[in-house]
Amino acid sequence: MNMAPYFTALTSTNGQLYALAVIVILTLLLLTRRLGVIYFVTTFPVTLAHELTHLLLGFVTFGQPCGFRVWPRRSANSYVLGSVSCRNVRWYNGLFIGLAPMLLLPCALALLILRLHAAPEVNATEAVWAYAIACLTYASLPSWQDIRVALASSWLLIAAIAITALLVSGRP
């Protein structure tokens, strides 16, 4: 598969401007974190995409999802924007369920490349597309809780992968 056209699209002037627009929107999303309701509204698509990936991977890896929540709720001194509960998080699926949102990053990149092939113009439609790409990028970031679940339930799998990688590479 020839990747050159994709890299050409990303490094073109249009690609750089589009990436800059996405970065600006992503920065604005991050800056609204302390604005309460505005943050909840502007990042609802982020929360929905993030939690849906946990839910989907929970089903695919037999994690038996039993709870899905995307409405913000107060927790100690902060807010929990969403959550997915699974009954069967085990060594073989915890890593995948916990880090599931990272699958959204290739989706964001694919959407960016798709938009660049359409020769984008500066208009409201492209602003919506840039917002969607920024939301997918933001949603791809695993939370600290996601990382804890992935590491706590999958230490055996992580060790097996590390040992296999060492054996395959031929380094002791």
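Residues numbered from 1 in each chain as written. Predicted model: local features only at pLDDT ≥ 70, side-chain atom pairs only at ≥ 80, totals over all residues. Heavy atoms only, no water.

Undergrad: Just checking my understanding: could you explain the overall build of the protein chain for this structure?
TA: Of the regular secondary structure elements, the protein chain holds nine helices and four strands. Secondary structure elements in the protein chain, listed N-terminal to C-terminal, are α-α-α-α-β-β-β-β-α-α-α-α-α. Once the C-alpha set of the protein chain is aligned to its principal axes, its extents read approximately 50 × 50 × 25 Å. Sequence-distant contacts in the protein chain: of pairs separated by 6 or more residues, those separated by 24 or more amount to 68%. Entry remark: accessible area of the protein chain is about 11,100 Å², with carbon and sulfur atoms responsible for 72%. Distance from the positive charge centre (10 side chains) to the negative charge centre (4 side chains) of the protein chain: 18 Å. (Helix = DSSP H or I, 4+ residues; strand = E, 2+ residues; numbered from the N terminus. Contact = heavy atoms within 4.5 Å. Areas by Shrake-Rupley, 256 points an atom, 1.4 Å probe, with all protein chains shown as cover. Lys, Arg positive; Asp, Glu negative; His and termini not counted. Charge placed at Lys NZ, Arg CZ, Asp CG, Glu CD.)

Undergrad: For this particular structure, what's the right way to read helix 7 (residues 124–139)?
TA: The α-helix advances 3.6 residues per turn, and as a result positions three or four apart in sequence lie on the same side. Between its terminal C-alpha atoms helix 7 stretches 22 Å, which fits the 22 Å expected from 16 residues at 1.5 Å a residue. For helix 7, every residue scored as buried is listed here: Glu126, Ala130, Ile133, Ala134, Cys135, Leu136, Tyr138 and Ala139. Residues of helix 7 that are buried in the fold lie against helix 2 (13–31), helix 3 (37–42), helix 4 (44–60) and helix 6 (104–117). Taking the backbone nitrogen of Thr125 as reference, a side-chain oxygen 3.2 Å away marks Asn123 as the first, capping residue of helix 7. (Expected span 1.5 Å × (residues − 1). Buried < 20%, exposed > 50% of the residue type's maximum accessible area, 1.4 Å probe, protein only. Polar contact = N/O pair within 3.5 Å; in protein donor to acceptor, adjacent residues only side chain to side chain.)

Undergrad: Explain the pattern of salt bridges to me, please; I cannot follow it from the model alone.
TA: Two side chains carrying opposite charge are able to pair once their charged atoms lie near each other. Taken as a whole and judged by the stated rule, the model has one salt bridge. Glu126 is paired through a salt bridge with Arg115; the nearest N and O atoms lie 2.4 Å apart. In this pair, Glu126 sits in helix 7 while Arg115 sits in helix 6, placing the two residues eleven residues apart along the sequence. (Salt bridge = Lys/Arg side-chain N within 4 Å of Asp/Glu carboxyl O.)

Undergrad: Would you take a moment to explain helix 9 (residues 155–169) for this structure?
TA: End to end, helix 9 covers 21 Å across 15 residues, agreeing with the expected 21 Å (1.5 Å per residue, within 8%). Looking at the residues trailing helix 9, positive phi occurs at Gly170, about 80 degrees.

Undergrad: Mind showing me how you'd approach the packing of aromatic side chains here?
TA: Where two aromatic rings form a pair, the distance of their centres and the angle of their planes describe that pair. For the structure on display, the rule yields two aromatic pairs. The interplanar angle of 85 degrees and the centroid separation of 5.6 Å between the aromatic rings of Trp91 and Tyr92 together place this pair among those described as edge-to-face. Note on Trp91: relative accessible area 46%, which makes it partly exposed. By relative accessible area, which is 35% here, Tyr92 ends up partly exposed. (Phe/Tyr/Trp six-rings, centres within 6.5 Å; stacked < 30°, edge-to-face > 60°.)

Undergrad: How should I be thinking about unusual backbone geometry in this particular structure?
TA: In most cases, non-glycine residues show a negative phi, while peptide bonds are predominantly trans. Here the phi dihedral of Phe62 falls at roughly 60 degrees; this positive angle occurs in a residue that is not glycine. Within the fold, Phe62 resides in the loop between helix 4 and strand 1 (65–69). A positive phi angle is found at Gln64, which is not glycine, with a value near 55 degrees. Here Gln64 lies in the loop between helix 4 and strand 1.

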